[in-house]
Amino acid sequence: MTAPAALTVDLDALAGNFRTLERIGGAPAHPVVKADAYGLGAAACAERLMREGARTFFVARTREGEQLRAALGATPAIYVLDGCLTGRAARLRAADLRPILNTEAQIAEWRAAGGGRCGLQIDTGMNRLGFRPEAAPEPFAGLDLVLSHLACADDPAEPMNARQRDAFAAAAARYPGAVRSFANSGGIFLGRDYGFDATRPGVCLYGGGPEGRPDPRIRPVATLSAEVLQVCDVAAGESVGYSRGFVADGPRRITTCAAGYADGVLRAYSPRGLVAVGGELRPIVGRVSMDVCAIDVTGLEVAVGDRVELFGAHRMLDDAAAAAGTIAYELLTSVTARVPRIYV
Ligand SMILES: *Cc1c(COP(=O)(O)O)cnc(C)c1O
């Protein structure tokens, strides 16, 4: 029995995307499993990726690293993108986590606690985190990885990509023993010269395209589905949902489905969202409410207990995100804890 609203995660598809990304990138992929693997479940995803050969993972927060270490055991390397925040070194060391050091203060904090294996972030133009190349530190003991992050990897025509790549190559040359990691998902598709020693894919592992739209090389991984709770026939002039958000211009058949904004069906879908019903795309009508949404299924055979797909193989994640005015990353991480993750 599937829950009324469920996020189904196809681990074979995840594994397939991992292999695709390693092949296209021409370098080992170090999966980014921050934010609970973009909402899909970090432990389950990382365990499966380890079976595919992944031995190094990235998370954002110390706490995410602690939870992943508890789930995966001692084998894999886990890097923490936040770095070594004030007072955090002991926790990082206790869980054998490797901070990505972003500032001199973080280096000092890490060293004062005894140091150990860690990475370094070089800011090649995004102005988000890390050292500017001219201010990057001298090599030091324990430093085993150096990374930088692309600002525009989803746009292959953006000239900043090559500038960042060249700046990274020059800066990383100062740290000859360290693994050089540069490309995120989008970067992997920019060319082999973006791959360096290891890539850091996130969204493409989980089914998002590298350029913010579906890509035939990336398989859908996550399906958000909801059960049909009720089917009702609505006459011309009648309205559906809060604030009369939809008024029927003729006889309509409407289903109420068991997923609302408290499950991660963004309210911004009203009025542009489409949902796959038996393989056909049908509009969400009226306002998305907390627990349910309404879909116009006029002309379709739909019964209570059927399931509709908010995103998945029939309603691609990137298209669903675009309809809500957002990106696959936000759509995936918006699926709430109320929705059980089901692994197939
Ligand atoms: C989130 C993140 C990634 C993964 O990015 P995707 O675009 O999801 O592949 C890689 N590197 C860093 C530093 C990140 O913050």
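Just above, that's the structure.
Give a description of the state of the cysteines that names residues and reports values.
Summed over all chains, the structure comprises zero disulfides. You can see C152 has no disulfide; the closest cysteine sulfur is in C204, sitting 16 Å from it. According to the relative accessible area criterion, C152 is buried, its value standing at 19%. The thiol of C204 is unpaired, and the distance to the nearest cysteine sulfur, on C45, comes to 15 Å. Classification of C204 as buried rests on a relative accessible area of 0%.

For the side chain of D263, give the residues involved together with the corresponding values.
Its place among the elements puts D263 in the loop between β11 (252-257) and β12 (274-277). A relative accessible area of 3% means that D263 is categorised as buried. A polar contact of 2.9 Å, which involves the side chain of D263, links it to the side chain of R338. Setting aside residues no more than four positions away along its own chain, D263 makes contact with A5, A258, M290, D291, S334, V335, T336, R338 and V339.

Please provide a residue-by-residue account of helix α4 (residues 62-72), values included.
Within the span of α4, buried status applies to T62, E64, G65, L68, R69 and L72. For α4, the angular spread of the buried residues around the axis is 155°, confining them to a single face. Exposed residues on α4 whose side chains face more than 90 degrees from its buried face are R63 and A70. Phi for G73, located one or two positions after α4, is positive at around 80°.

Could you give an account of the site of the ligand, with specific residues and numbers?
Inspection of the region around the ligand gives 13 residues, with K34, Y38, S185, V203 and Y329 positioned closest. H149 places a polar side-chain atom, nitrogen or oxygen, 3.4 Å from a nitrogen atom of the ligand. Burial of the ligand by the protein amounts to 95% of the accessible area it has alone, namely 390 Å². Taken together, the residues that form the shell around the ligand break down as six nonpolar, four polar and three charged.

Which residues make up the environment of L224, and what values go with them?
Among the secondary structure elements, L224 is positioned in strand β8 (residues 222-234). Accessibility expressed as a relative area gives 1% for L224, which makes it buried.

Talk me through the sheet that holds strand β7 (residues 179-181); I want residue IDs and the actual numbers.
Overall, parallel pairing links the six strands, which are arranged β2-β3-β4-β5-β6-β7 in an open sheet. Whereas interior strands pair on both sides, the edge strands pair on one side only; in this sheet they are β2 (56-59) and β7. Each adjacent strand pair in this sheet contributes to an overall mean axis angle of 25°, direction not counted. The pairing of strand β4 (residues 98-101) with strand β5 (residues 118-121) spans two bridges and is classified as parallel. Looking at β5, one finds that I100 is bridged to G119.

Explain the pattern of salt bridges to me, using residue names and the numbers behind them.
Using the criterion set out here, one finds 21 salt bridges in the structure. Residue R180 pairs with D197 through a salt bridge whose shortest N-O separation is 3.0 Å. Taken together, the positions of R180 in strand β7 and D197 in the loop between α8 (185-188) and β8 put the pair 17 residues apart, joining distant regions of the chain. Exposure remark for D197: the relative accessible area of 30% places this residue in the partly exposed category. When salt bridges with common partners are traced through the structure, they connect D12, R19, R48 and E52 into a single cluster.

Lay out the packing of helix α1 (residues 11-25) against helix α3 (residues 42-51) in plain terms, naming residues and giving numbers.
Remark: α1 packs on α3, axes separated minimally by 10 Å, with the N-to-C direction vectors making an angle of 55°. Our classification of the angle between α1 and α3 gives oblique. As α1 runs across α3, the sense of the crossing is right-handed. Here L11, D12, L14, A15 and F18 of α1 lie close against α3, whose contacting residues are A44, C45, R48 and L49.

Could you give me a rundown of the side chain of T124, with the residues and numbers involved?
Relative to the helices and strands, T124 resides in the loop between β5 and β6 (143-147). A distance of 3.0 Å separates polar atoms of two side chains, one belonging to T124 and the other to Q164. Residues contacting T124, with those up to four places away along its chain left out, are S148, H149, Q164, A167, F168 and F182.

Kindly report on the nonpolar core, identifying the contributing residues and their values.
Membership of the largest hydrophobic core comes to 101 residues, with the highest contact counts inside it found for F57, L68, L120, Y206, Y269 and F311. For this core, the element with the most residues is α1, which contributes six residues. Those residues within four positions of L120 in sequence are excluded, and the remaining contacts are I100, L101, I107, F131, P137, F140, L143, L145, V146, L147 and Y175. With seven residues, the next largest nonpolar core counts V234, F246, I254 and V285 among its residues.

Cut-offs used in this document
- Residues numbered from 1 in each chain as written.
- Predicted model: local features only at pLDDT ≥ 70, side-chain atom pairs only at ≥ 80, totals over all residues.
- Heavy atoms only, no water.
- Disulfide = S-S within 2.5 Å.
- Buried < 20%, exposed > 50% of the residue type's maximum accessible area, 1.4 Å probe, protein only.
- Helix = DSSP H or I, 4+ residues; strand = E, 2+ residues; numbered from the N terminus.
- Polar contact = N/O pair within 3.5 Å; in protein donor to acceptor, adjacent residues only side chain to side chain.
- Contact = heavy atoms within 4.5 Å.
- Arc of directions from axis to C-beta.
- Near = heavy atom within 4 Å.
- Areas by Shrake-Rupley, 256 points an atom, 1.4 Å probe, with all protein chains shown as cover.
- Nonpolar A, V, L, I, M, F, W, Y, C, P; charged D, E, K, R; others polar.
- Pairing = 2+ DSSP bridges.
- Axes fitted to C-alpha atoms, helices over the stretch in contact; angles between N-to-C directions.
- Salt bridge = Lys/Arg side-chain N within 4 Å of Asp/Glu carboxyl O.
- Parallel < 35°, antiparallel > 145°, perpendicular 65-115°, else oblique.
- Left-handed = near helix turned anticlockwise from the far one by under 90°.
- Core = buried A, V, L, I, M, F, W, Y, C linked by side-chain atoms within 4.5 Å.

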